[in-house]
Amino acid sequence: MLLQDAMTDFLNYVLHERGLTKNTHKGYQAQLRHFHKWLVNEQEIKAPQTSHLTIETLRRFQYSLSERGLRPRSILSYFDPLDGLCGFLEANRALENNPVKRLTLPKKDDPIQNLVTNEEVQAILDAVELDNKPSRVAHNRAVLNVLIFQGLRRAELCDLKLRHVNLDGNLMLVEMGKGRKNREIPMDDRVTDALRQWLKVRAKSTRHDYVFTTDRSRRLWYNGLYGILDDVKARAGMSDHENILPHAFRHWRTNDLLYSGWSLVEVSTFLGHASVKYTEDYIHYNSAMLMKIRNRTMLGQGKEAQRKEPKVVKPRFRQALK
């Protein structure tokens, strides 16, 4: 069986049957194409077959990635879809076994995290007001407030529709986020105010129901989001601050909420993580946060403290950034 055909079948399977997100599907597609191209160009196999999915071939591919200087987590990103492909072929009896399971892959290293400071966040929020076009200020203010304070992923922000926003109830529905799970989260007052101002001036003739727009026919997508951020960074005199990226605000908001008193479970639910272990990767501890956590978790300090009923903390927003 041609490897190209097997890859197409597998990619259709993960998209339509397993329900992986379109972004994950695109990532799998790109990594598998890279492997196929490597077989053709580097191994001089004109028409790769599924029979070429052997432990020896995959090991050579692993070595070639390592020789290019790729980090362990980058190497693993290539083998995740290969593992899925081989498992899919094994389940459908097109392979005897999954050769990826017999490889010794590198241990995943820690991510290189782009950290954003409180001062940089405030500078971004201030700079968005410097545009001379009121409607653009309203739009970009709403985009950045949602990005910063709601902790959304890029796709979640761009996929936000009018029906997902409840201004009166201060609630936002994040529909089909990562893992294809919906979640309803509270809106920060700053987000509610910014959205209300934007929706007042949003063109009535807009031909789609997405909250954020490029024009009346097109919704905002990644290129537009990065364009907004680059423009605001320039207005703030921070064009060289390469750490200020959309996902970095999600990390910042995680720590902002924890420092404000939210529990790890509450923050994990808010972000839409399947497990708190993913949230833990976002935490950037400092001495002040550690002391705050220590004070919140010191139980039974004396008889009076022992008699007190434990306080139930409900998810809520706190204005951590003045």
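Scroll up to find the structure this text is about.
Remember, predicted model here, so these are calculated numbers, not experimental data. (Residues numbered from 1 in each chain as written. Predicted model: local features only at pLDDT ≥ 70, side-chain atom pairs only at ≥ 80, totals over all residues. Heavy atoms only, no water.)

Draft legend 1. Spotlight on the packing of helix α5 (residues 118-127) against helix α6 (residues 134-149). Viewed as axis vectors pointing N to C, α5 and α6 meet at an angle of 160°, and their least axial separation amounts to 10 Å. With respect to their mutual orientation, α5 and α6 come out roughly antiparallel. Crossing angle aside, the handedness with which α5 passes α6 is left-handed. Residues V121, I124 and L125 of α5 form the contact with α6, whose own contacting residues are L144, N145, I148 and F149. (Axes fitted to C-alpha atoms, helices over the stretch in contact; angles between N-to-C directions. Helix = DSSP H or I, 4+ residues; strand = E, 2+ residues; numbered from the N terminus. Parallel < 35°, antiparallel > 145°, perpendicular 65-115°, else oblique. Left-handed = near helix turned anticlockwise from the far one by under 90°. Contact = heavy atoms within 4.5 Å.)

Draft legend 2. Fine view of the nonpolar core. Counting residues in hydrophobic clusters, the biggest one holds 50 residues, and the most contacted among them are I124, I148, L157, M172, L195, F212 and F249. Among the secondary structure elements, those contributing two or more residues to this core are α5, α6, α7 (154-158), β2 (171-174), α8 (189-201), α9 (222-235), α10 (246-259) and α11 (264-271). It is α6 that contributes the most residues to this core, eight residues altogether. When residues no more than four places from it in sequence are discounted, the contact partners of L157 are V143, V146, L147, L152, F212, L220 and L225. By size, the runner-up hydrophobic cluster in this structure holds 29 residues, among which are L11, W38, F61 and V100. (Core = buried A, V, L, I, M, F, W, Y, C linked by side-chain atoms within 4.5 Å. Buried < 20%, exposed > 50% of the residue type's maximum accessible area, 1.4 Å probe, protein only.)

Draft legend 3. Broad picture of the pairing of β2. Here β2 shows a buried face lined by M172 and V174 and an unburied face lined by L171 and L173. By the bridge criterion, two bridges tie strand β1 (residues 165-166) to β2 in an arrangement that is antiparallel. Following the sheet pairing, N166 is matched in β2 by L171. Taking the residues between adjacent antiparallel strands as the criterion, β1 and β2 are bridged by four residues, where N170 takes a positive phi near 55°. Where β2 and strand β3 (residues 183-186) come together, four bridges link them in antiparallel fashion. Bridged to M172 within β3 is I185. (Pairing = 2+ DSSP bridges.)

Draft legend 4. The arrangement of the side chain of T279 in detail. Tracing the chain through its elements places T279 in helix α12 (residues 276-280). The buried category is assigned to T279, whose relative accessible area is 0%. Polar contacts involving the side chain of T279 include one to the side chain of S268, which spans 3.1 Å. Not counting residues up to four positions away in its chain, the partners in contact with T279 are T254, L264, V267, S268, L271 and H273. (Polar contact = N/O pair within 3.5 Å; in protein donor to acceptor, adjacent residues only side chain to side chain.)

Draft legend 5. Quick peek at the sheet that holds β3. Taken together, three strands build an open sheet; the order of strands is β1-β2-β3 and the sheet is antiparallel. Every interior strand has two partners, whereas the edge strands, β1 and β3, have only one.

Draft legend 6. α11, seen in detail. Taken as a whole, α11 has its buried residues at E266, V267, S268, F270 and L271. Of the residues flanking the end of α11, it is G272, one or two places downstream, whose phi is positive at about 80°.

Draft legend 7. Fine view of the packing of aromatic side chains. Overall, the coordinates contain twelve aromatic pairs when judged by the stated rule. With centroids separated by 4.4 Å and ring planes inclined at 5°, the aromatic side chains of W221 and Y222 adopt a geometry described as stacked. Through pairs of rings, three or more aromatic residues link up here, namely F35, W38, F61, Y78 and F79. Its guanidinium or amino end placed over the ring of Y222, R154 lies 4.2 Å from that ring's centre, counting from NZ or CZ. (Phe/Tyr/Trp six-rings, centres within 6.5 Å; stacked < 30°, edge-to-face > 60°. Lys NZ or Arg CZ within 6 Å of the ring centre and 35° of its normal.)

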